[in-house]
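A closer look at the structure
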Amino acid sequence: MHVQRGFSLIELLMALMILTVITTTSLAVFVERSVRQQQASELILAYQALANETEIVRRVDYDSLDSLTDILSSDMAIIQPLSPYSTEVDVALVRPGVKSVKITIRWRAHREASVTVLRTDTGGSNLW
């Protein structure tokens, strides 16, 4: 009787195929994780800039809200990693004595973050 030693060609090919599937799947998972982590970082930066801008809008006199421009007032260095980006500020009268201020940041042509602040005319200059 002949004793067989080692692995057959079919066993080696199957092992290589399994190893290839595992490696390819792992690589795809790491690439997707990296993309998602980048998107999350960008979103955090955008919302931090929006929070900063909200504080500035909160302090603007109610009657001066209509003069807000499309360019944000706060330091935009925080969102430089999102370049190129665009900003938009829309002020609308909801009803007498109440204005809506919507601040939007767009980047990478399809990503967007926005916040809306409702301001009421309370007679004070820095009240929500």
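So, here's what we can say about the structure.

The next thing to look at is the overall build of the protein chain. Helices and strands together make up the secondary structure of the protein chain, namely 1 helix and 3 strands. Rg of the C-alpha trace for the protein chain: 27 Å, well past the compact-globule value of 14 Å for 128 residues, more than 25% over. A principal-axis box enclosing the C-alpha atoms of the protein chain has dimensions of 105 × 25 × 20 Å. With 128 residues in all, the protein chain has 23% of them scored as buried. Once local pairs closer than 6 in sequence are excluded, the contacts in the protein chain between residues at least 24 apart make up 47%. On the protein chain, roughly 9,100 Å² of surface is accessible, and the fraction owed to carbon and sulfur atoms is 61%.

Turning next to the sheet that holds strand β3 (residues 111–120). Ordered in space as β1-β2-β3, the 3 strands form an open sheet in which the pairing is antiparallel. The open sheet has two free edges, formed respectively by β1 (85–95) and β3, since each of these has just one partner strand. If you compare each strand with its neighbour and ignore which way they point, the axes differ by 15 degrees on average. In the sheet, strand β2 (residues 98–107) pairs with β3 via 10 bridges, with the strands oriented antiparallel. Bridging from a neighbouring strand, I105 pairs with A113 of β3. The strands that helix α1 (residues 9–59) touches are β2 and β3; relative to β3, the one it contacts most, it runs at about 20 degrees.

What follows is about the nonpolar core. Of all hydrophobic cores here, the largest spans 16 residues; its most connected members are L65, I79, V101, I103, I105 and W107. Going through the elements one at a time, α1 and β2 are the ones with two or more residues in this core.

A negative phi angle is the norm for most residues apart from glycine, just as the trans form is the norm for most peptide bonds. With omega at -5 degrees, the peptide bond leading from S83 into P84 counts as cis. Counting through the fold element by element, P84 comes out in the loop between α1 and β1. At R108, a position not held by glycine, the phi torsion is positive, near 50 degrees. Note that R108 resides in the loop between β2 and β3. By relative accessible area, which is 46% here, R108 ends up partly exposed. Not every positive phi belongs to a glycine, and A109 is a case in point at roughly 65 degrees. By the secondary structure assignment, A109 is in the loop between β2 and β3. Look at A109 and you get exposed, because its relative accessible area is 86%.

This next bit is on a nonpolar patch on the surface. On the surface, L9, L13, L16 and L19 cluster together into a nonpolar patch covering about 420 Å² of accessible area. For L19, the location among the structural elements is in helix α1.

This next bit is on the pattern of salt bridges. Within this structure, the stated rule accounts for 6 salt bridges. Taking the shortest distance from any N to any O, the salt bridge between E42 and R108 comes out at 2.6 Å. Here R108 lies in the loop between β2 and β3 and E42 lies in helix α1, a separation of 66 residues in the sequence. Residue classification places E42 among the buried positions, given a relative accessible area of 3%. Notably, a salt bridge pairs R58 with E55, separated by 3.3 Å at the nearest N-O pair. With R58 and E55 both in helix α1 and 3 residues apart, the pair spans about one turn of that helix. Taking the relative accessible area as the measure of exposure, E55 reaches 36% and is therefore partly exposed.

What counts as what
- Residue numbers restart at each chain and count upward from 1, following the sequence in its written direction.
- Two thresholds apply to this predicted model, a pLDDT of at least 70 for residue-level local features and 80 or more for giving and counting side-chain atom pairs, whereas whole-chain, interface and lining totals are computed over all residues.
- To obtain the side-chain values, all non-hydrogen atoms of the structure were used and water was disregarded.
- The secondary structure listing takes helices from DSSP runs of H or I that are at least 4 residues long and strands from runs of E that are at least 2 residues long, numbered from the N terminus.
- Here the globule rule reads 2.2 Å times residues to the power 0.38, and the radius of gyration is calculated from C-alpha atoms.
- Only protein chains enter the accessibility calculation, which uses a 1.4 Å probe; a residue whose area is less than 20% of its type maximum is buried, one above 50% is exposed, and one in between is partly exposed.
- Residue contacts are counted whenever heavy atoms from the two residues lie within 4.5 Å of one another.
- The Shrake-Rupley method, run with a 1.4 Å probe, gives the accessible areas here. Residue values count only the displayed protein chains as cover.
- Paired strands, as defined in this entry, are two strands with at least two bridges between them according to DSSP.
- Here an axis means a line fitted to C-alpha atoms, over the contact stretch when the element is a helix, while the angle between two N-to-C directions is reported on a 0 to 180 degree scale.
- We define a nonpolar core as any set of buried Ala, Val, Leu, Ile, Met, Phe, Trp, Tyr and Cys residues linked to one another through side-chain atoms lying within 4.5 Å.
- Here a patch means residues that are over 30% exposed by relative accessible area and free of salt bridges, tied together within 9 Å if like-charged and within 5 Å if nonpolar (Val, Leu, Ile, Met, Phe, Trp, Tyr).
- Criterion for a salt bridge: a side-chain nitrogen of Lys or Arg within 4 Å of a carboxyl oxygen of Asp or Glu.

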